[in-house]
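# Structural description and commentary
Chain by chain, the residues:
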Amino acid sequence: GQLVPWLPPRTITVVVVDPEVGSGRRALVVSSRDRFYVGPDNGVLTPILDDAMVVSADRPRYWLPQVSRTFHGRDVFGPLAAHLQLGVALRDLGSVVHDPLRLSWPTAVAAGEGWRGEVIDVDGYGNLATNLPPAHHGHVAIAEYEVPVCACYADRPAGQPLAVINGSGELEVAVNLGSAAERFGGIGQRVEWYP
């Protein structure tokens with residue numbers, strides 16, 4: 001969902017995170033904000049489902065003739081994307097659905113003058129993305145520590161924790177030249193922002 005604003009109009013994204021491949025789960029084609037997404041109905045498309053048109057790709061003529069039970073990315077999703085690229089209308093690919101599977105996402109809640117939330121992602125550097133609203137000042141409480149909100153990583157000495165608005169616009173907890181995940185924990189760790 002974070003990359004959507006950067007995708008050109010009419011981009012087609014194929015999502016193949018599909019542990020239930022070969023089961024009875026539906027294959028979906030979604031049109032949202034002038035972009036298309038093809039993937040399984042397992043909740044992975046949740047971030048782009050608001051205000052979207054969704055069809056269940058239930059017309060096998062738009063798949064490969066032989067469909068493997070273990071490779072729907074190649075046999076179902078890829079061909080659907082190709083047909084979209086060739087100009088086949090969304091509604092021609094399948095039946096409109098109003099009940100795609102949605103995953104619940106943790107949301108931050110107001111807490112006094114601040115916000116209470118949690119860590120929702122850990123990147124490869126050990127930075128902890130939170131669901132707290134972006135803030136340019138104040139502090140973040142995490143694992144009994146108080147971390148200042150800074151403008152950039154270099155605002156703190158090496159090895160020192162800080163909070164910063166990351167490139168995706170999220171308030172994240174980081175350690176300059178270190179790993180916040182090693183110091184504070186990971187996904188689900190409670191955080192609180194206060195002025």
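Attention here is on the structure that accompanies the text. Just so you know, these numbers come straight off a predicted model, no measurement behind them.

So, about the sheet that holds strand β1 (residues 12-14). Taken in spatial order, the five strands of this open sheet run β1-β3-β2-β4-β5, and their pairing is mixed. What marks the edges here is a single partner per strand, and that holds for β1 and β5 (95-96). Here strand β2 (residues 27-32) pairs with strand β4 (residues 53-56) via four bridges, running antiparallel. Across the sheet, residue L28 finds its bridge partner in β4, namely S56.

With that settled, consider the pairing of strand β3 (residues 35-40). For β3, the buried fraction is high: six of the six residues fall into the buried class. In terms of strand pairing, β1 meets β3 through three bridges, oriented parallel. Considered in β3, the bridge of T13 is made with Y37. Sheet topology note: the β2/β3 ladder contains six bridges and is antiparallel. Pairing of A27 across the sheet is with P40, part of β3. Between the antiparallel neighbours β2 and β3 lie two residues, among them R33 with a positive phi of about 50 degrees.

Conventions adopted
- Residues numbered from 1 in each chain as written.
- Predicted model: local features only at pLDDT ≥ 70, side-chain atom pairs only at ≥ 80, totals over all residues.
- Heavy atoms only, no water.
- Pairing = 2+ DSSP bridges.
- Helix = DSSP H or I, 4+ residues; strand = E, 2+ residues; numbered from the N terminus.
- Buried < 20%, exposed > 50% of the residue type's maximum accessible area, 1.4 Å probe, protein only.

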